[in-house]
Amino acid sequence: MPTSATSNHPSRPEDLIGRLNSAHTPYEAKLKALRDLKNQIIGNRTKKLAFLKLGAVPSVVSILSSAAAAQGGGGDNREFYESVLIQSAAVIGSFACGLDAGVKAVLDAGAFPLLLSLISHLNEKVADAGARSLKLIYQSKRAPKYEFLQEKNMEFLLSLLNSKNENVTGLGANIITHSCQTTAEQQALSEAGVIKRLVGLLGGSINQKDASLESLAAMVKENPEVSAKFMGPENGRALNVVIELMKDKHPRTRLLACMCLISIRNTSTSYLQDSGIKNSLVSVLLELLDDPGPVGDEAPFVLSSLITEKEDMQKIAFNANLIEKLCEHLNAGSYQAKRLQGIFLLLGDLCSKLECCRDRVLDLQVLNFVTEALAHDSAEVRTAACNFLKNVSRSVKNLSAGQFMNEAVAVPLVRLLCDSSSSVQIAALGAISNIVVDFMAHKSVLVQCGGVKQLVQLSKSMESAIRVNAVWALRNLTFLVSYRCKEEILLELTSATLISLINDPEPSVQGQALALVRNLVDGTLNSINYVFGEDGAVLHAIARQLRSTSKVEVQIQGMYTLSNVASGNELHKEAVMNQLLPQAGNDAEKTLVKFLQSTDSRLCTATLWALINLTFPGSPGTCRRVTELRNAGIITQLKNMINDHCLDVKLRARMALGQLMIFGDSSS
């Protein structure tokens, strides 16, 4: 028979897989095919994906399994089978390296237990190959969780850390980094003596140092007891060693040393709080931002963990010109998604508290880069850009100047409300919530670009986090807004939707919905009339929620809403009075007194404002309402509040009592 054309190209993917799968292929040929496959896929993502589609991984794992069984039987071919084990493990590791799809294929094919069994192989090269492959798997989030709390597993881990093989000890450290997630696991590792062994590795090779630093960071994270043990005398000068490693010639070692020190520092206010170490951490990480490789990609995230929610560290970073450094990177051109995400994450952290940072960011025209970031392919970048906008827009003076409420910002943010990622949607809602607190002249921009329709749509989401953020944005949009703008909003936001939100199963949504209505009825008499449509259905819903809820935040917003309604005309006041003290109103009377007796001064104040508006002397029905309130025991309660420790409560109580006393005091 003539030879087919494909047989002249043995390195083609289809032919390689055919040789690996064929029962007629001699093991010597399979060994050569494994080497060919390894050489083709190393560092080549495209080739890896092509071979994955052809089912290469199950084929290689099958060969690994067969070779392990065959060499276990002894015989003259032991060395040959060991070569097959080494090459198979190397190929599996290559597929797992930097490719989650490869890791999944490796795990699905059952390679993990086979590779683990190689660790204890008598041939050090075989053990090394297995360890290398497993280390690559443990660089992925898809790697299996290692259960430290099982005694046998802990013993095996300690055997890895005590190995003389560098890759085996590195594997042990990688397992800790990946799987140490709970306080119980941190404690178990600490009690088993793992810290001392990891500290010992700090004096080893560069790979051992890096693996040890990363593992130590995972073990001490948010665990004061384990941190104290690391800092204790039994570990000698371990802390000084880590501090010295911030000066190491290898960028990744410097980064991991910083990460380890930050984990210790963030765990307790007792450690590493002197200005010298603070400045050193910022300085080293600032320098690492310029690294062109993976270290530069990771440095923003490590620096973020140092400064987030810490005003003192943000000031140090600001004074070290971090914002200028980040702007230089943005001006330099396009970056991989991870680095761009890190840059906007850091900018957001810096703008979370300090006005000087917000001013500097705006002066350096960072907003010019935001539009592109909001449309980035990476959901993580889009989320980071939204969070940056949320924090930079906390500036009242820049909001009033209309810095953010323009089409360049508003339009892409509104587009993100339809994003396929819920995390992006929530981040976009957070940014919009801040930006729409803008002053009246600029709010119409969001309405005009369809933002209200999208917000109302998201307020009906099945995901509570999206609902609460959508209602929050609507609440802020209606703050001090014009009557005309309210009318446009209510074209989308129906009474039925409002009632549904007030009755939402989540208290956080209920509170935001009531705050939204509070803003809607704030202002003119026409605004107050919103809650009287459809026979006062919205007003009834508010009162029902007030009587049934036990959540103080919901009660506060409900009372302020009724207070705003009670600031209107006689019809409005009577409607509120009927809700607070209905004819057969024993429960309602108790609710009103209970709110005045609350230990939360904010609820007391909100309730007092409602009473003040209900008893305004110039209103024709005030005398009758005062009588009803007196009969409900309100005057007696007000007298108990006129010397309250909270100044706001004290003043409002005296004001309310003064208005009621105009009509006489018949209370005992």
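Residues numbered from 1 in each chain as written. Predicted model: local features only at pLDDT ≥ 70, side-chain atom pairs only at ≥ 80, totals over all residues. Heavy atoms only, no water.

## Points about the overall build of the chain
Where we set the bar: Put simply, DSSP H or I for four residues or longer makes a helix, DSSP E for two residues or longer makes a strand, and each gets a number counted from the N terminus. C-alpha atoms define the radius of gyration, and 2.2 Å times the number of residues to the power 0.38 defines the globule rule. Buried means the residue's accessible area, taken with a 1.4 Å probe over protein chains only, is under 20% of the maximum for its type, while exposed means over 50%, and partly exposed covers the values in between. Throughout, a residue-residue contact means that at least one pair of heavy atoms, one from each residue, lies within 4.5 Å. Charged residues are defined narrowly, with Lys and Arg counted positive, Asp and Glu counted negative, and His plus the chain ends left uncounted. Here the site of a charge means NZ on Lys, CZ on Arg, CG on Asp, or CD on Glu.
Along the backbone of the chain there are 42 helices and 0 strands. Taking 26 Å as the expected radius of gyration for a compact globule of 668 residues, we find that the chain reaches 33 Å, considerably beyond that expectation. Across its three principal directions, the C-alpha atoms of the chain cover 110 × 70 × 50 Å. The 668 residues of the chain split such that 53% are buried. Look at the contacts in the chain between residues 6 or more apart in sequence, and 69% of them connect residues 24 or more apart. The centroid of the 67 positive side-chain charges in the chain is displaced by 0 Å from the centroid of its 64 negative side-chain charges.

## Focus: a nonpolar patch on the surface
Heads up, the condition is: Candidates for patches are residues over 30% relative accessible area with no salt bridge; among them, like charges are joined within 9 Å and nonpolar side chains (Val, Leu, Ile, Met, Phe, Trp, Tyr) within 5 Å. Accessibility throughout is a Shrake-Rupley quantity obtained with a 1.4 Å probe, and a residue counts as covered only by protein chains that appear here. Each salt bridge in this description consists of a side-chain nitrogen of Lys or Arg and a carboxyl oxygen of Asp or Glu lying within 4 Å of one another.
A contiguous nonpolar patch, built from Val-437, Phe-479 and Leu-480 and spanning about 250 Å² of accessible area, is present on the exposed surface. Relative to the assigned elements, Phe-479 resides in the loop between α30 (464-477) and α31 (483-492).

## A short note on the UniProt feature "repeat: ARM" (unreviewed entry) in the chain
Here is the rule: UniProt positions are given in the numbering used here, feature names are shortened, and annotations may be inferred rather than shown by experiment.
When the UniProt feature table is mapped onto this chain numbering, "repeat: ARM" (unreviewed entry) sits at residues 450-478. Each end of residues 450-478 is marked by a C-alpha atom, and these two atoms are 15 Å apart; helix forms 76% of the span and strand 0%.

## Quick notes on the environment of Ser-270
Counting through the fold element by element, Ser-270 comes out in the loop between α16 (251-267) and α17 (275-288). Taking the relative accessible area as the measure of exposure, Ser-270 reaches 60% and is therefore exposed. Sequence-wise, Ser-270 and Pro-224 are 46 residues apart; in three dimensions their C-alpha atoms are separated by 9.9 Å.

## With respect to the confidence of the model for the chain
Quick note on the threshold: Known as pLDDT, the predictor's confidence for each residue is given on a scale from 0 to 100.
Of the residues in the chain, 94% have a pLDDT of 70 or more, and the chain-wide mean is 90. Residue range residues 1-10 is modelled with pLDDT below 50. Its contacts to residues more than four positions away, or to other chains, number 6 contacts.

## Side note on the environment of Ala-317
Note on placement: Ala-317 falls in helix α19 (residues 311-319). A residue is classified by how much of its surface remains accessible, and Ala-317, at 0% relative accessible area, is buried. Each C-alpha atom, one on Ala-317 and one on Asn-279, is 8.4 Å from the other, the two residues being 38 residues apart in sequence. Leave out the neighbours within four places in its chain, and Ala-317 touches Val-282, Ile-307, Leu-322 and Leu-350.

## Considering the pattern of salt bridges
In this structure the tally under the stated criterion is 29 salt bridges. Among the salt bridges present, the one from Glu-574 reaches Arg-624, with a minimum N-O distance of 2.7 Å. Placement of Glu-574 in helix α37 (residues 570-580) and of Arg-624 in helix α40 (residues 622-631) is noted, with a sequence separation of 50 residues between them. Connected via shared salt-bridge partners are Glu-570, Glu-574, Arg-624, Arg-625 and Glu-628.

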